[in-house]
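# Topology and contacts: notes
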Amino acid sequence: MSLPFALRRLLYAVFALACVAIALHAFHYLFQAINPHNPFHASFAAGGWAVPAHFFASGLALLVLPLQFAQALRSRWPALHRVAGWLYVLAVLIGGVSGLLLAPRAQGGWATGASFLLLGLLWLGSTAMALYHAMRRRFELHRRWMLRSAALTFAAPTLRLYLLLGIAVFGLEFPPAYLLAAWLCWTLNLLLVEAYLRQRSRPLARALDTGLGSRPAGA
């Protein structure tokens, strides 16, 4: 069952605004002075080039992401869609590799770092699969893997949302709230995407089953 057009537009607007807001926050972080009393700043200061690379590339991926799901862009300017796609892949490559380097220094130790390590690996892998199928013109498979990649890119906004909910709504201290947010920010996104893809595949699966069942024996 498809969502009403107005609701789809509203969800896309919220999605795009969240991507842009967190991207701008990431870019702004690059120009902040390091505060030695801030544990995040102290941890990232030891990351060397991986810190600016991760923040810039991840912010760029967030900025480009809404364009990849704009139907008007795909239908009217397919060349621009492809250019934006390559830019997104490059941003994920840099952001993912630098994120893997930063994962061991994550706040909360190995429990949080393991989540970011898995996130980085899945982010790189799903984007690579999306590119692989696009280059072979398997566009349905490309879209499915791109949705998975988008779910992982959108972990940046949902991380901050769950962190805020954990502290402001549920009254958690920062360490457990950050640990929960680190795991929920991408696992729930992926679960939602997989549920959507499974639901969307049912009509196609039924059609294939009907077609196969109607073939004469030995065909």
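Scroll up a little and you will see the structure.
Note that the structure is predicted; figures quoted are calculated from it, not measured.

## What about the pattern of salt bridges?
- Scanning the model with the defined rule gives three salt bridges in all.
- One salt bridge in this structure joins Arg200 and Glu140, with 2.4 Å as the shortest N-O distance. Of this pair, Arg200 sits in helix α9 (residues 174-213) while Glu140 sits in helix α7 (residues 139-153), and the two are 60 residues apart along the sequence.
- Ionic pairing is found between Glu194 and Arg148, a salt bridge with its closest N-O pair at 2.5 Å.

## Structural notes on α7
- Its 15 residues place the ends of α7 20 Å apart at the C-alpha level, agreeing with the 21 Å of an ideal helix rising 1.5 Å per residue.
- The set of residues buried in α7 consists of His142, Arg144, Met146, Leu147, Arg148, Ser149, Ala150, Ala151, Leu152 and Thr153.

## Quick notes on unusual backbone geometry
- Phi at Arg137 is positive, roughly 60 degrees, even though this residue is not glycine.
- Accessibility expressed as a relative area gives 63% for Arg137, which makes it exposed.

## With respect to the packing of helix α6 (residues 110-135) against α7
- Contact geometry of α6 with α7 gives a least axis separation of 8 Å together with a crossing angle of 155 degrees. Judged on the interaxial angle alone, α7 and α6 are roughly antiparallel. Our pair here, α6 against α7, has a crossing hand that is left-handed. Of α7, the residues touching α6 (which contributes Leu119, Leu122, Trp123, Ser126, Thr127, Met129, Ala130, His133 and Ala134) are Phe139, Leu141, His142, Trp145, Met146, Arg148, Ser149, Leu152 and Thr153.
- Residue composition of the contact of α6 with α7, grouped by class: 11 nonpolar, six polar and one charged.

## Regarding the environment of Val89
- Tracing the sequence through the fold places Val89 in helix α5 (residues 78-102).
- Each C-alpha atom, one on Val89 and one on Thr127, is 6.7 Å from the other, the two residues being 38 residues apart in sequence.

Definitions and limits used
Residues numbered from 1 in each chain as written. Predicted model: local features only at pLDDT ≥ 70, side-chain atom pairs only at ≥ 80, totals over all residues. Heavy atoms only, no water. Salt bridge = Lys/Arg side-chain N within 4 Å of Asp/Glu carboxyl O. Helix = DSSP H or I, 4+ residues; strand = E, 2+ residues; numbered from the N terminus. Expected span 1.5 Å × (residues − 1). Buried < 20%, exposed > 50% of the residue type's maximum accessible area, 1.4 Å probe, protein only. Axes fitted to C-alpha atoms, helices over the stretch in contact; angles between N-to-C directions. Parallel < 35°, antiparallel > 145°, perpendicular 65-115°, else oblique. Left-handed = near helix turned anticlockwise from the far one by under 90°. Contact = heavy atoms within 4.5 Å. Nonpolar A, V, L, I, M, F, W, Y, C, P; charged D, E, K, R; others polar.

None of this, on its own, says anything about what the molecule does.
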